[in-house]
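Remarks on the overall topology
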Amino acid sequence: MKRRRHRKAKFVKEVSTMVCSALRRVAHVRVYLVRKASGVSRGHQHQALGSRPAASEFAARGAPGSVVELLGKPYPQDDYSNLSQKVLSRVGRNLHNQQHHPLWLIKERVKEHFYKQYVGRFGTPLFSVYDDLSPVVTTWQNFDSLLIPAGHPSRKKGDNYYLNRTHMLRAHTSAHQWDLLHAGLDAFLVVGDVYRRDQIDSQHYPVFHQLEAVRLFSKHELFAGIKNGESLQLFEQSSRSAHKQETHTMEAMKLVEFDLKQTLTRLVTHLFGDGLDIRWVDCYFPFTHPSFEMEINFHGEWLEVLGCGVMEQQLVNSAGAQDRVGWAFGLGLERLAMILYDIPDIRLFWSEDERFLKQFLVSDINQKVKFQPLSKYPAVINDISFWLPSENYSENDFYDLVRTIGGDLVEKVDLIDKFEHPKTHRTSHCYRITYRHMERTLSQSEVRHIHQAVQEAAVQLLGVEGRF
């Protein structure tokens, strides 16, 4: 009980200090609001960077000679072993295969689109789907098969989870490309969990999920329907340029690139709807050339959604498909789900809270879903009403003020009522402020201190007349 009182007293003291600081700046309303807001943002950035722990603090280093068992197989440990217990506990969860999970919904929507759009000669789907391949791969599969050089930074222990020097948790679903091509497949999707060492925040998690697609074309398939197509060739010996590989003809490269971009444009239109603005940004991947990142303009903001390109012919040849050319692309399921469903934090995908999961329990996988935020702790809701000044009032100024004083305890602010006095023609606003702590239950007493500070600051900084 004493500890609770101490925390409460400390909290009240912090609030009081914050209020006094705000009220001292009455003469500089807008400058104060802007600077304070940007200062808070910068402070969070510095804290995140400064608090990044060393990778070694998370690594459960296996002693050489010991063995770790994963998915029923033993793996001897050596000086490269750096798996943590937390990451090991995620292996086998397969969120992308859990029915009605948001990642499953994205996977199923993509799969359905490819099944319907691309049909083989006998009426069966052109693309095969592999969504249960083991995440344990060899370092050759993860790097060498994809032409990633021995000294490439992406091989670093600091960026990957190694079982030992020869085996690791895949860093991308591309680790299966060579094997599937070598098995004779020329059109497939691979979906699975991938593992990269990174700090946990709202956008990054050491485990996430990718969907990979590959399609190869024979000479006949690529040039079918092209005027004088029988005289065109897939290959030539020339020099590599920014636009093509040294072994590809310009005609072949342009057709592969066109098919790739058309395929992806259809896919994102299926996912996001018609009228989407799309742009292609040149980039670099070791296993494709030319390579592109696809960006979409969603709600007025350009967002990167996937990477793609024309497959390196050396990779295709080594897998035994020397008479074919092709494309590949890869996308992050979490990335798409966060955009499509408005999910703010990547950690929510691992939640077992029914309030999260039941939001995606839909009868139609293409049904629109907008995630409703949740917290394990109850909200405290207070209203505030005031008469607006005769001029120079902006709702955004009020929202900034609330955020400045309430900080992360403020979950949302809603304008719930407007009233114009019939005689004075003055306008009154009523706002509902929802307070919620993400780590503990807030008391009404604690919130009262913040809410009173908002009331006082609104009067002194924004020139409103309180009705409280």
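Cut-offs used in this document
- Residues numbered from 1 in each chain as written.
- Predicted model: local features only at pLDDT ≥ 70, side-chain atom pairs only at ≥ 80, totals over all residues.
- Heavy atoms only, no water.
- Helix = DSSP H or I, 4+ residues; strand = E, 2+ residues; numbered from the N terminus.
- Expected span 1.5 Å × (residues − 1).
- 1 Å grid on protein atoms, 1.4 Å probe; cavity = no way out; pocket = protein on both sides within 12 Å on 5 of 7 lines; lining within 4 Å.
- Points joined across faces, edges and corners; volume = space filled by probe spheres on them.
- Nonpolar A, V, L, I, M, F, W, Y, C, P; charged D, E, K, R; others polar.
- Pairing = 2+ DSSP bridges.
- Axes fitted to C-alpha atoms, helices over the stretch in contact; angles between N-to-C directions.
- Contact = heavy atoms within 4.5 Å.
- Polar contact = N/O pair within 3.5 Å; in protein donor to acceptor, adjacent residues only side chain to side chain.
- Salt bridge = Lys/Arg side-chain N within 4 Å of Asp/Glu carboxyl O.
- Buried < 20%, exposed > 50% of the residue type's maximum accessible area, 1.4 Å probe, protein only.
- Phe/Tyr/Trp six-rings, centres within 6.5 Å; stacked < 30°, edge-to-face > 60°.
- Lys, Arg positive; Asp, Glu negative; His and termini not counted.
- Core = buried A, V, L, I, M, F, W, Y, C linked by side-chain atoms within 4.5 Å.
- pLDDT = per-residue confidence, 0-100.
- Parallel < 35°, antiparallel > 145°, perpendicular 65-115°, else oblique.
- Left-handed = near helix turned anticlockwise from the far one by under 90°.

1. Looking at helix α9 (residues 250-272)
Between the first and last C-alpha of α9 there are 32 Å, a value that for 23 residues agrees with the 33 Å anticipated at 1.5 Å per step. Two residues or fewer past α9, G273 is found with a positive phi of approximately 105°.

2. A closer look at the layout of surface pockets
The volume enclosed by the second largest pocket comes to roughly 1100 Å³. Along the wall of the second largest pocket there are 39 residues; nearest its centre are A171, R196, F208, Q210 and E304. If you list the elements that add at least two residues to the lining of the second largest pocket, you get β7 (207-217), β8 (277-285), β9 (288-298), β10 (301-311), β11 (325-332) and α11 (333-341). Class assignment of the residues belonging to the lining of the second largest pocket gives a composition of 17 nonpolar, 13 polar and 9 charged.

3. Brief notes about the sheet that holds β8
Sheet architecture is open: 7 strands sit in the order β3-β6-β7-β11-β10-β9-β8, paired in mixed fashion. Looking at strand neighbours, the two that pair on one side only are β3 (128-130) and β8, the edges of this open sheet. This sheet shows a mean twist of 25° between the axes of neighbouring strands, independent of strand direction. Pairing of β8 with β9 involves 8 bridges; the strand directions are antiparallel. Across the sheet, I278 pairs through a bridge with I296, a residue of β9. Packed onto the sheet, helix α5 (residues 102-117) meets β3, β6 (187-195), β7 and β11 and runs at close to 170° relative to β6. Contacts between α11 and the sheet are confined to β6, β7, β9, β10 and β11, with β11 contributing the most and set at about 55° to the helix.

4. A look at the environment of D364
Mapped onto the elements of the fold, D364 is located in the loop between α12 (354-357) and β12 (380-387). Taking C-alpha positions, D364 is 9.9 Å from R109, a pair spaced 255 residues apart along the chain. A distance of 3.0 Å separates a polar atom in the side chain of D364 from the backbone nitrogen of N366.

5. As for the pairing of strand β2 (residues 73-76)
Here strand β1 (residues 67-70) runs beside β2; their pairing, made up of 4 bridges, is antiparallel. When the bridges of β2 are listed, V67 appears paired with P76.

6. A word on the pattern of salt bridges
According to the stated counting rule, one finds 22 salt bridges in the structure shown. Note that D131 is salt-bridged to K107, the shortest N-O span being 2.9 Å. Of this pair, D131 sits in the loop between β3 and β4 (136-138) while K107 sits in helix α5, placing them 24 residues apart in sequence. One exposure class covers both D131 and K107, and it is buried. Salt bridges sharing partners connect three or more residues here, namely K107, E108, K111 and D131.

7. Side note on the packing of aromatic side chains
For the structure shown, the criterion picks out 21 aromatic pairs. An angle of 25° between the planes, with centres 5.8 Å apart, marks the rings of Y205 and W350 as stacked. One end of the pair, Y205, is in the loop between β6 and β7; the other, W350, is in the loop between α11 and α12, and 145 residues separate them in sequence. Given a relative accessible area of 6%, Y205 falls into the buried group. Classification of W350 by relative accessible area gives buried; the value is 9%. Between the aromatic rings of W327 and F329, the centroid separation amounts to 5.9 Å while the plane-to-plane angle is 25°, which identifies the pairing as stacked. Judged by relative accessible area, which is 0%, W327 ranks as buried. Taking relative accessible area as the criterion, F329 reaches 1% and is therefore assigned buried.

8. What about the side chain of E334?
The topology assignment puts E334 in helix α11. Although buried, E334 forms no salt bridge, and the nearest oppositely charged side chain, R90, lies 9.8 Å from it. Leaving out residues up to four positions away in the same chain, E334 has contacts with L103, V207, F208, H209, I346 and F349.

9. Here we look at the nonpolar core
Counting 74 residues, the largest nonpolar core has L169, F272, F329, Y341, I343 and F349 as its most contacted members. Top contributing element to this core by residue count: α9, with 8 residues.

10. Quick word on helix α13 (residues 395-406)
Taking 1.5 Å of rise per residue, 12 residues should cover 16 Å, and α13 covers 16 Å from first to last C-alpha, within 8% of that figure. Within α13 the residues assigned to the buried category are D397, F398, Y399, L401, V402, T404, I405 and G406. Immediately beyond the C-terminal end of α13, within one or two residues, lies G407, with a positive phi of roughly 60°.

11. Here we look at the sheet that holds strand β13 (residues 410-420)
Hydrogen bonds between backbone atoms are what pair the strands of a sheet, whose relative direction is either parallel or antiparallel. Overall, antiparallel pairing links the 4 strands, which are arranged β13-β14-β12-β15 in an open sheet. Of all the strands in the sheet, just β13 and β15 (465-466) have a single pairing partner and so form its edges. Most of the contacts of helix α14 (residues 444-462) go to β12, to which it runs at about 20°, and overall it touches β12, β14 (427-435) and β15.

12. With respect to the environment of C308
Along the chain, the position of C308 falls in strand β10. Those residues within four positions of C308 in sequence are excluded, and the remaining contacts are L260, L264, W280, F285, T288, P290, S291, F292, A328 and F329.

13. Here's the deal with the confidence of the model for the protein
Across the protein, the average pLDDT comes to 86, with 85% of residues at or above 70. In the predicted structure, residues 21-60 sits below a pLDDT of 50 and forms 39 contacts with residues beyond four places in sequence or in another chain.

14. Observations regarding the packing of α13 against α14
Relative to each other, α13 and α14 sit at 140°, their axes nearing to 10 Å. With respect to each other, α13 and α14 are oriented oblique. The chirality of how α13 crosses α14 is right-handed. Facing D397, F398, L401, V402, I405 and G406 of α13, the residues of α14 in contact are I450, A453, V454, A457, A458, L461 and L462. Partitioning the contact of α13 with α14 into residue classes produces 11 nonpolar, 1 polar and 1 charged.

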